[in-house]
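# Per-entry structural report
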Amino acid sequence: MKSSAYPSSKFLAVTTLASLTFLAIGFCLPSPMDACGQEAAANKKATERLLLCGMDEVFEIDAPTDDTINQTKHWSWRAKDHLEIPEAIRSRFGTTDDCKPVNGNLYLVTSSGGGCAAIDRTSNKVVWYAVVANAHSIEALPGNRVVVAASVAKEGNRLVLFDLAVPEQPLWHGPLQSAHGVVWDESRKRLWAIGYDVLESYSLQDWDSTTPSLTRESAFPLPDAGGHDLQAMPDSDDLVLSTHDHVYLFDREQEQFRPHPELGDERNVKCVSTSGETGRVVWLKGKGDAWWTDTLGFIKPTGEMVLTGEKLYKVRWLTATTATQDELSCEQPSPQAMAAAVGVTLPPSPWHVANIWWDFEKPVEKFESLEIDVTIDRDVPDDYNLY
């Protein structure tokens, strides 16, 4: 059975319709409660996901585990399918070069073709769009704003600021040669941006006005040229960044670069992302001198995952997915505990599908029917039976 359905083997609902009060306890067989809990635990272990992009598709897959490699695309987005984007902009997403999750449900996407978009993951709808020449990265900023890194182009080599409430209307721009990566640093209230040969930090200016801007506060020459990816290391002062020939860590407190302990001498690295939950690292490098690859590399533990036929450029951990899946899991108190919470003692198993009690304020001579709407809001596994 596949539908938008709830994978739980039981449910309990308590509600009031006017003066009608009822309790409904349902169940499905043969899945017992401990099987539901075991499935939830397995789901939790396997739900750390990756967000990937490269060609015209942005998609999610499960991160591989020691015993499982699942290449099923759990979520997918292509600009060409979304009429809420003007037609002239839809064609600018032929290759995607960054994809970032924001607060679990908003995804930011850029394309070297100039397309930029904010996507509501739940509805799969675009809620903001813009055109920025050779857009290479994007980052959420306070106040519902975003900044886009525009790489080498006639109208590029700059940072461009937008309000997510207003598509296509830049608020400010400032120069940065071959801008490639941007990261907001909440604890320091700074934006970090990487260009061809420099790492810079910016402060927010006039942020509560209609004319906000960014002011450069510091600049650190890169150890070698070709600045590319820039990401923050979770729970650390370090930024991780790649150049054409190396991968480095930059200590924001000491203001010093040092080689990445595992990837320091890797060339042509397009992306390095570290899980905030497990510390696991996923990274990718161009195949030969190409801009793309079909292979993801992993550290802690070391491994590879080949996605045959894909041309990948960026990959990001979806650290919020586990929490989201927990909310959708079938883990819940036992039926006995749920019933006890509302003062009901269940009869011995097997139960009736539903036990209903009602009390009306006045006598009802002819009671005809009782209607109850039940929403099954997620997929039901094939081995569950709903009655």
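Everything below is about the structure shown above.
Scope of this entry: the structure provided in the associated data block. (Residues numbered from 1 in each chain as written. Predicted model: local features only at pLDDT ≥ 70, side-chain atom pairs only at ≥ 80, totals over all residues. Heavy atoms only, no water.)

### Remarks on the overall build of the protein chain
Check the secondary structure of the protein chain and you find four helices and 26 strands. Within the protein chain, buried positions represent 47% of all 387 residues. Looking at the protein chain alone, contacts between residues at least 24 apart form 47% of all its contacts between residues at least 6 apart. As presented, the protein chain carries roughly 19,200 Å² of accessible surface, and 50% of it is formed by carbon and sulfur atoms. (Helix = DSSP H or I, 4+ residues; strand = E, 2+ residues; numbered from the N terminus. Buried < 20%, exposed > 50% of the residue type's maximum accessible area, 1.4 Å probe, protein only. Contact = heavy atoms within 4.5 Å. Areas by Shrake-Rupley, 256 points an atom, 1.4 Å probe, with all protein chains shown as cover.)

### Let's talk about the packing of aromatic side chains
By the definition in use, this model includes ten aromatic pairs. Measuring from ring centre to ring centre gives 5.0 Å for tryptophan 75 and tyrosine 107, while their planes differ by 90 degrees; the resulting arrangement is edge-to-face. With a gap of 32 residues between them, tryptophan 75 in strand β5 (residues 75-78) and tyrosine 107 in strand β7 (residues 106-111) connect regions that are remote in the sequence. Here the two residues tryptophan 75 and tyrosine 107 agree in accessibility, since each one is buried. (Phe/Tyr/Trp six-rings, centres within 6.5 Å; stacked < 30°, edge-to-face > 60°.)

### Focus on the sheet that holds strand β19 (residues 238-242)
Each strand in a sheet pairs with its neighbour through backbone hydrogen bonds, running either in the same direction (parallel) or in the opposite one (antiparallel). Taken together, the four strands give an open sheet; going across it, the order is β18-β19-β20-β21, and neighbouring strands pair in antiparallel fashion. Each edge of the open sheet is held by one strand with a lone partner, namely β18 (230-232) and β21 (256-259). With strand direction ignored, the average angle separating the axes of adjacent strands in the sheet is 25 degrees. Taken together, the four bridges between strand β20 (residues 247-251) and β21 define a ladder with antiparallel strand orientation. Bridge pairing in β21 places aspartate 251 opposite glutamine 256. (Pairing = 2+ DSSP bridges. Axes fitted to C-alpha atoms, helices over the stretch in contact; angles between N-to-C directions.)

### Overview of the nonpolar core
The nonpolar side chains of a soluble globular protein tend to be buried with one another. Among the nonpolar cores identified, the biggest contains 17 residues, and Val58, Trp77 and Ile119 are the most heavily contacted of them. Of all the secondary structure elements, the ones that give two or more residues to this core are β3 (49-53), β5, β7, β8 (115-120) and β9 (125-131). Those residues in contact with isoleucine 119, other than ones at most four positions away along the chain, are Trp75, Trp77, Asn105, Leu106, Tyr107, Val109, Asn124, Lys125 and Val126. Ala149, Leu159, Trp172 and Trp184 belong to the second-largest nonpolar core, a separate cluster that totals 16 residues. (Core = buried A, V, L, I, M, F, W, Y, C linked by side-chain atoms within 4.5 Å.)

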